[in-house]
Amino acid sequence: MRLDKFLKVSRLIKRRTIANEACDAGRVLVNDKPAKASLSVKEGDVIEIQFGTRSVKVEVLDVQETVKKEEAKELYRYL
């Protein structure tokens, strides 16, 4: 699954276009490397997102096309 779509499905970022812009700006790192929105995400990847002054680091536990809002938290684990 594409990185921008995973960020939207997991609800780490609200909209896919915003996820796309964050990737283009270099604010999203996958396994400590700047990532493009088209990067393929798989289980075990570590994603770090910089939101202004703070950053969020998560590990991908599962990749699914669609999930309910309540189940979105099960796709990743905070580090």
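Here the residue index of a chain counts from 1 through its sequence in written order. Note on the predicted model: pLDDT of at least 70 is required for a residue's local features to be given, and 80 or more for side-chain atom pairs to be given and counted; whole-chain, interface and lining totals, by contrast, use all residues. Calculation of side-chain values draws on the structure's entire complement of heavy atoms; hydrogens and water are dropped beforehand.

**Some points on the packing of aromatic side chains**
For any pair of aromatic rings, the description rests on two quantities: the centre-to-centre distance and the angle between the ring planes. Centres within 6.5 Å are what make two rings of Phe, Tyr or Trp a pair, Trp counting through its six-membered ring; a difference in plane orientation under 30 degrees is then read as stacked, over 60 as edge-to-face, and the rest as tilted. Across all of its chains, the model carries 1 aromatic pair by this definition. Taking 5.5 Å as the distance between ring centres and 90 degrees as the angle between the ring planes, the aromatic pair formed by Tyr-76 and Tyr-78 counts as edge-to-face. For every residue, the accessible area obtained with a 1.4 Å probe (protein chains only) is divided by the maximum for its type, and the residue is called buried under 20%, exposed over 50%, and partly exposed between those limits. For Tyr-76, a relative accessible area of 10% puts it in the buried group.

**Observations regarding the pattern of salt bridges**
Each reported salt bridge corresponds to a side-chain nitrogen of Lys or Arg within 4 Å of a carboxyl oxygen of Asp or Glu. If you walk through the whole model with that rule in mind, you get 5 salt bridges. As a salt-bridge pair, Asp-4 and Arg-2 come within 3.1 Å of each other at their nearest N and O atoms. When its relative accessible area of 35% is taken as the criterion, Arg-2 is described as partly exposed. The partner of Arg-77 in a salt bridge is Glu-59, with the nearest N and O atoms 2.1 Å apart. Of this pair, Arg-77 sits in strand S5 (residues 76-78) while Glu-59 sits in strand S4 (residues 54-60), and the two are 18 residues apart along the sequence. Classification of Arg-77 by relative accessible area gives partly exposed; the value is 41%. Secondary structure elements are defined from DSSP: runs of H or I of at least 4 residues count as helices, runs of E of at least 2 residues count as strands, and each element is numbered from the N terminus.

**Details of helix H2 (residues 16-24)**
Taken as a whole, H2 has its buried residues at Ala-19, Ala-22 and Cys-23. The arc enclosing the buried residues of H2, seen along the axis, measures out at 100 degrees, which places them on a common side. Those residues of H2 that are exposed and aimed more than 90 degrees away from the buried face are Thr-17, Glu-21 and Asp-24. Whether two residues touch is decided by their heavy atoms; if any such pair falls within 4.5 Å, the residues are in contact. On its buried face, H2 is in contact with helix H1 (3-9) and strand S1 (28-30). The arc in question is the one traced by the directions running from the helix axis out to the C-beta atoms.

**Observations regarding the pairing of S4**
Paired strands, as defined in this entry, are two strands with at least two bridges between them according to DSSP. Summarising the sheet, strand S3 (residues 46-51) and S4 pair through 6 bridges and their orientation is antiparallel. Along S4, the bridge assignment pairs Ile-47 with Val-58. Remark: 2 residues form the turn of the hairpin made by S3 and S4, two consecutive strands paired antiparallel; Gly-52 in that turn has positive phi of roughly 60 degrees. Pairing analysis gives 3 bridges linking S4 to S5, with the strands arranged antiparallel. Bridge pairing links Val-60 to Tyr-76 in S5.

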